[in-house]
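Notes for the structure review
Spelled out from the first residue to the last, the chains are:
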Amino acid sequence: MKLIKRDPAAIKTQASGLNRRTFLKGSGIAAGGAAFMSLLPTAMINKADAAQRRQHSYDEGEITKKRSVCTHCSVGCGVVAEVQNGVWIGQEPSFDHPFNLGSHCAKGASVREHGHGDKRLKYPMKKVAGEWQRISWDQAIDEIGDQMLAIRESAGPDSVYWLGSAKFNNEQAYLFRKFAAFWGSNNVDHQARICHSTTVAGVANTWGFGAMTNSYNDIHNSKCIFIIGANPAEAHPVSLQHILRGKERGAKVIVVDPRFSRTAAHADQFIRIRPGADIPFVWGMIWHMFQNGWEDEQFINQRVYGMDEIRAEVAKWTPDEVERVAGIKEADVFQAAKTMYEHKPGTVVWCMGITQHTVGNSNTRALCILQLVLGNMGVSGGGTNIFRGHDNVQGATDFGVVSNSLPGYYGLSQDAWEHWARVWDVDYNWIASQFDQTSYEELNGSPVSPMFTNGITVSRWIDGVLEDPENITQKDILRAMVLWGHAPNSQTRGPEMKAAMEKLDLLVIVDPFPTVSAVMNDRQDNVYLLPAATQFETYGSLTSSNRSVQWREQVIAPLFESLPDHNIIYRFAQKFGFADELCKHIAVNDGEPLIEDITREYNRGMWACGYTGQTPERLKLQLANLHTFNTTTLKAEGGPCDGEFYGLPWPCWGTAEMKHPGTHILYDTSIPVAEGGSPFRARFGVERDGQNLLAEGSWTAGSEIEDGYPEFTSDMLKELGWWNDLTAEEKAEAEGKNWKTDLSGGIQRVAIKHGCAPYGNAKARAIVWQFPDPVPIHREPLYTPRRDLVAEYPTYEDRRNFYRLPTRYSSIQAQDFSEEFPLIMTSGRLVEYEGGGEETRSNPWLAELQQDMFIEINPADANNARIRHGRQVWVEGPEGGAVKVMAFVTPRVERGVVFMPFHFGGHYQGEDLKDKYPEGTAPYVRGESCNVVFTYGYDSVTAMQETKVSLCRVRPA
Amino acid sequence: MARMKFLCDAERCIECNACVTACKNEHEVPWGINRRRVVTIDDGIPGEKSISVACMHCTDAPCQAVCPVDCFYTTDDGVVLHDKDICIGCGYCFYACPFGAPQYPQEGAFGARGKMDKCTFCAGGPESDNSQAELDKYGRNRLAEGKLPLCAEMCSTKALLAGDGDIVADLFRNRVVRRGGRPDTWGWNTAYKD
Amino acid sequence: MKKIISIVFATFILSACYEDTRVTLHEPGVYKGKRDTQTMPAEEREALLKLRFNEVQTDR
């Protein structure tokens, strides 16, 4: 390539004046004055910044390549960024990357816009008398901190809600959870609550870990791909590369969905289901399997507990009953069951269509049971491939940014707190003293401190503000809300959220963009906007859906005055006076806690889900050798990472010195634990009602115990006579500990040396006896149009205290809304946008492709309501929310069902909120949020919100 | 001699629009101008198929035949390009093109005075390779850097293929054989009955 | 001779059945724009692009 020198004068002005900041300033000015109403101004913006970019790109300065990972969905596509003079000038495909092989979807192919997007929140701001004012970081932290400390004084630490983010990297997520613990509250949560919390709960309680069991790449080996309640063609487009490769190798694709989605367009069989009738359908399939003897007897006998009770429930779901409840004909159900039986191994893929229901946890368990019946678990090409949502929602979940656990799924028990206090090297009593010292709940008759009780969930934070303080199981209502990397428009009950935001004493938004939180309320004062940097402006690790941990390099310096999340956490910790405790073993340079030190710290504590072997060094080595990984097996073939799986998918056991390769496929007993094999986890005891919960006649290859066994403890090592395999130092640490709490890693090392899994070898359980529905049973949605089924399949009773709040079920279902609101309303994703969409709607390359919020409605329903394609309509819900959107008349949805995407925001009940954004930050595309109309309803185990079934009516606007 | 061609495998295209934004990203194409777009037929019903369409770089290019000022030329490797300095933006090529490829920006880097803009197969135009002038008028020249069009290189499912027609065909044939069926490209149904 | 004439005749008749396969009504004119100078020889470019294709567009 020949570089052409341009006019020397031009180069001179470049070199003297144009650094990254002036570059951005330049484009900001170009855009600032332009009202975005016609095509003209954007063209000008593009001209202005493109002209400047080009001069950079071809004049001077070395072009360096940085490797990062796309910040949108959980596939974890590699990004190659070309950077010159600190400016992100080009994006090249990452061909070496084993997940995406260079591919991207619309979002991934446009991430470079991050590097010069001018819709960003540029500096800290504060709303005073209805006007946005620019303030300094110091002032912001001071003022917010003072108010929070005052609230803490008067209402207790639980009155401040720390809502974290799946957009954090692992280190930030871990630090954030630790920070909340030091603040003294469990009122901390993130997006996982409203995306896959029911999966995590349901799946972990079935066989041990609540995560995708195989990988996107492993779908190449599937013979049948069963996709239910998921639309990966739009939500995880690059996963379709793997799904279609599987299909081209002969796999049958079955898609079950209320809509004929873009994924369904590639299916061999499409089954249309009534929203909320998943369990009847799955039981209907299993009914045919039991009927025809298609179950895997040997697998069930060796590795599954409780299948008899499932048989009893499934027997009720005769083809007629399935058709009556789910609306699916016997032939279709039979065909799907037969295909899955004849094409093994088959994999099951699900997403929000399964999880976001009042019965979400039961839905996920029913699908696990389907795979257990077929014996599809622990095999390549099989498994439950649960596609997570955000790029690091898996990691943020693993690191416990949730109101019901500490990092690593240790829970909130005293043991858990003691374990982490040891890892953090801080006094347990000091942490305890940070919490509210009064008890509001009882456990087995004795009071428990709020330290040990589940906090309020993100799905319900609005109730934490609006509920009568008498009914809340903590000292007071929420008075301060911190939305840190979280879109409010992804949560239901919009009008109530608006009221909650207005009732708060203090509202703090930490985000690269102002987000809908900044504009959806009518607050005049005390709203703070703090600009956070994106993940391209910092570095660290993230965990993709398949549990692979990847390392990102920093592409560009934080834009404008934004700061990386961990810097902001540290600043707050300084303000609250526990910065030294927070970073006791983490170096802090110029206000920035050292990412690698944070990784090393969690490596010392995350034994329970195997985050101990993924050191920064190993992850960086993999990043430098991406091309050595096989794109189907994810295993490195030769090179310095030979034998390792890509991303050292957790569990990656023991210390890094053990060189565990990570676990590509969970519960695969055909290979030794040391090479990534594992049995089902012994998590639920060893015996119940006289029945053995441990595996029988099944063990991982090379195991010295050739049968089931419980989880490893120091005592167990002694009984087995393996205690002396520990070194003297390991013995000192391991005494009285178990595989999760032994910080030396010795117990794990010795167990694996003898071919055993540290967590035991048990059966998966088909019944979860601690859950409201031990056997998954069908319950009609709260807002059901099928009143005829309510008596037979009622929802739960109302509950007094559920994650600190009263929770309604039957009292809502008792009311009949189906006459006035005859249409079933469901929601989902579009390929161009992600989450609440603020970031993607601010990206002109994406925004141009989807300029209008819309509702999909069947031609028959449209004609009945006198609605024309492309015209505006009002969508009204039973709780009073209404949105004005464009009608998209299409047979994609069937009669009686309407669909809306959830990425839009910036309009509220017919009004454009553009003027409420700080100047120059309103996204290019704004629209109504469908969640203004979506209604009450929460999962009975995790308080997941119900967004997939509600009722509405539609009329012309 | 190589002859550059696009091929969109309709069995793999999922209408994700990566090709569209990759093009925007690489060439900074302004809002409202789409050198490439994804077309979906039978949207929302069984049989739904999508393909990504841009300039097809015809061997006997109609745009070239009708251009009143003869601003079109074909490169050695079969890429149809045009000289924006002599293009008068009349729109006759728009009439002639079977694919609706020519675009007419009102403003901005590509479209001063309404000159025609279209997909360049990431091969720039009649200016020195990767010069400022080429970049301003035509966008990046990836071919000169030994790279292929970014839309195809970034395609989410590797549905969109770009390169020498012969090797594109080889790759596609392999896929068809693996699938064990007849080609299911979009044009097949146009050419033959079931 | 008669035979030859008949062959010539037959050839003449049959040649009337020949259909012109060229469908173009209007041939492109001569390009009047600037010459596109390419820094890389066409063969080199072809080889390079072929290498790239097999690296990037295959499923690996």
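Please read all numbers here as calculations on a predicted model, not as lab measurements.

1. Here's the deal with the overall build of chain A
- Looking only at helices and strands, chain A has 32 helices and 36 strands in total.
- Taking 30 Å as the expected radius of gyration for a compact globule of 957 residues, we find that chain A reaches 27 Å, a close match to that expectation.
- Reported as C-alpha extents along the three principal axes, the dimensions of chain A are approximately 80 × 75 × 65 Å.
- Here chain A holds 957 residues, and 69% of them are scored as buried.
- Contacts spanning at least 24 positions in sequence make up 73% of the contacts within chain A whose residues lie at least 6 apart.

2. A few points about the overall build of chain C
- When you go through chain C residue by residue, the secondary structure sums to 2 helices and 0 strands.
- Classification of the 60 residues of chain C by burial places 18% in the buried group.
- For chain C, the exposed surface amounts to about 5,100 Å²; the carbon and sulfur share of it is 66%.

3. Thoughts on the nonpolar core
Residue and element names in this part refer to chain A.
- Counting residues in hydrophobic clusters, the biggest one holds 169 residues, and the most contacted among them are Trp 162, Phe 226, Phe 281, Leu 370, Trp 424 and Phe 712.
- Those residues in contact with Phe 226 that sit more than four places away from it in its chain are Ile 254, Val 256, Phe 281, Met 285, Met 340, Thr 347, Val 348, Val 349, Leu 367 and Leu 370.
- Judged by nonpolar contacts, the second largest core, of 65 residues, contains Trp 461, Ile 472, Leu 529 and Ala 847.

4. Some points on the interface of chain A and chain C
- Counting residues at the interface gives 12 residues for chain A, matched by 5 residues for chain C.
- Of the roughly 690 Å² buried at the junction of chain A and chain C (both faces included), carbon and sulfur atoms supply 44%.
- When residues of chain A are sorted by the area they lose upon contact with chain C, Phe 95, Leu 101 and Arg 245 of chain A head the list and together hold 59% of the total.
- Summed over the shared surface of chain A and chain C, the number is 1 salt bridge.
- One salt bridge connects Glu 92 of chain A with Arg 52 of chain C, and the closest N-O pair in it is separated by 3.6 Å.
- Residue composition of the side of chain A that touches chain C, by class: 5 nonpolar, 3 polar and 4 charged.

5. With respect to helix α21 (residues 494–503) of chain A
All names here are of chain A.
- Listed in full, the buried residues belonging to α21 are Gly 494, Met 497, Lys 498, Ala 500 and Met 501. End-on, the buried residues of α21 take up no more than an arc of 165°, which puts them together on one face.
- Each element contacted by the buried residues of α21 is listed here: α20 (461–466), β16 (480–484), β17 (506–511) and β33 (906–908).

6. As for the packing of aromatic side chains
Residues and elements named next belong to chain A.
- Throughout the structure, instances matching the rule amount to 61 aromatic pairs over all chains.
- Between Tyr 796 and Tyr 809, the ring centres sit 5.2 Å apart and the planes meet at 65°, which makes this aromatic pair edge-to-face. Placement of Tyr 796 in the loop between β25 (764–765) and β26 (799–802) and of Tyr 809 in the loop between β27 (805–807) and α29 (810–813) is noted, with a sequence separation of 13 residues between them.
- The residue whose ring lies beneath Lys 122 is Phe 560, and the NZ or CZ to ring-centre distance is 5.6 Å.
- The ring of Tyr 938 is capped by Arg 460, whose NZ or CZ atom sits 4.7 Å from the centre of that ring.

7. Comments concerning the interface of chain A and chain B
- Taken together, the contact pairs 62 residues of chain A with 53 residues of chain B.
- Of the roughly 4,900 Å² buried between chain A and chain B, counting both surfaces, carbon and sulfur atoms make up 53%.
- Linking chain A with chain B are 10 salt bridges.
- The residue Arg 179 of chain B makes a salt bridge to Glu 248 of chain A at a minimum N-O spacing of 3.0 Å.
- Viewed at the interface, chain B and chain A are joined by 26 residue pairs in polar contact (both at pLDDT 80 or more).
- Contributing elements (two or more residues each) for the side of chain A that touches chain B: α3 (39–58), β3 (87–93), α9 (237–248) and α31 (844–847) of chain A.
- The element best represented in the side of chain A that touches chain B is α3 of chain A, accounting for 13 residues.
- For the side of chain A that touches chain B, the residue count by class is 32 nonpolar, 14 polar and 16 charged.

8. Some remarks on unusual backbone geometry
All names here are of chain A.
- Looking along the chain, the bond that leaves Lys 344 and enters Pro 345 is cis, with omega of 0°.
- Within the fold, Pro 345 resides in the loop between α14 (330–342) and β12 (346–350).
- Here the bond from Trp 650 into Pro 651 is cis, since omega is 0°, no more than 30 degrees from zero.
- As for its placement among the helices and strands, Pro 651 is situated in the loop between α25 (616–624) and β23 (687–688).
- Residue Asn 526 is not a glycine yet carries a positive backbone phi of 60°.
- The residue Asn 526 is located in the loop between β17 and β18 (527–531) in this model.
- Within the chain, Phe 560 stands out as a residue other than glycine whose phi angle is a positive 50°.

9. Points about the sheet that holds strand β34 (residues 911–912) of chain A
Residues and elements named next belong to chain A.
- Spatially, β34-β33-β35 is the arrangement adopted by the 3 strands of the open sheet, whose pairing is mixed. Each edge of the sheet is formed by a strand with only one pairing partner; in this case those strands are β34 and β35 (927–928).
- Note that β33 and β34 share 2 bridges and pair antiparallel. Note that in β34 the partner of Tyr 908 across the bridge is Glu 911.

10. Here we look at the pattern of salt bridges
- On inspection of all chains with the given rule, the structure shows 80 salt bridges over all chains.
- Where Lys 167 of chain A meets Glu 834 of chain A, a salt bridge forms, and the shortest distance between an N and an O atom there is 3.2 Å. Here Lys 167 of chain A, found in the loop between β6 (160–163) and α5 (170–183), pairs with Glu 834 of chain A, found in the loop between β28 (823–828) and α30 (838–841); they are 667 residues apart in sequence, far enough to count as distant.
- Judged by relative accessible area, which is 6%, Glu 834 of chain A ranks as buried.
- Within this structure, Glu 92 of chain A, Glu 26, Arg 142, Glu 145, Lys 147 and Glu 153 of chain B together with Arg 52 of chain C form a network of salt bridges that share partners.

11. Regarding the confidence of the model for chain A
- Across chain A, pLDDT averages 92, with 94% of residues at or above 70.
- Considering only residues more than four positions removed or in separate chains, one finds that residues 1–57 of chain A, a stretch of pLDDT under 50, has 102 contacts.

12. Remarks on the sheet that holds strand β1 (residues 63–69) of chain A
Residues and elements named next belong to chain A.
- The strand order across the open sheet formed by 3 strands is β1-β2-β3, and the pairing between neighbours is antiparallel. Two strands lie at the open edges of the sheet, namely β1 and β3, each paired on one side alone. Along the sheet, successive strands turn relative to each other by an average axial angle of 35°, direction set aside.
- Examined bridge by bridge, strand β2 (residues 78–84) and β3 share 6 bridges and lie antiparallel to one another. For Val 83, the partnering residue across the bridge sits in β3 and is Trp 88.

Here is what the cut-offs are and how they apply
- Residues numbered from 1 in each chain as written.
- Chains lettered and ligands numbered in written order.
- Predicted model: local features only at pLDDT ≥ 70, side-chain atom pairs only at ≥ 80, totals over all residues.
- Heavy atoms only, no water.
- Helix = DSSP H or I, 4+ residues; strand = E, 2+ residues; numbered from the N terminus.
- Rg over C-alpha atoms; globule rule 2.2 N^0.38 Å.
- Buried < 20%, exposed > 50% of the residue type's maximum accessible area, 1.4 Å probe, protein only.
- Contact = heavy atoms within 4.5 Å.
- Areas by Shrake-Rupley, 256 points an atom, 1.4 Å probe, with all protein chains shown as cover.
- Core = buried A, V, L, I, M, F, W, Y, C linked by side-chain atoms within 4.5 Å.
- Buried area = accessible area lost by both parts, 1.4 Å probe.
- Salt bridge = Lys/Arg side-chain N within 4 Å of Asp/Glu carboxyl O.
- Nonpolar A, V, L, I, M, F, W, Y, C, P; charged D, E, K, R; others polar.
- Arc of directions from axis to C-beta.
- Phe/Tyr/Trp six-rings, centres within 6.5 Å; stacked < 30°, edge-to-face > 60°.
- Lys NZ or Arg CZ within 6 Å of the ring centre and 35° of its normal.
- Polar contact = N/O pair within 3.5 Å; in protein donor to acceptor, adjacent residues only side chain to side chain.
- Pairing = 2+ DSSP bridges.
- pLDDT = per-residue confidence, 0-100.
- Axes fitted to C-alpha atoms, helices over the stretch in contact; angles between N-to-C directions.

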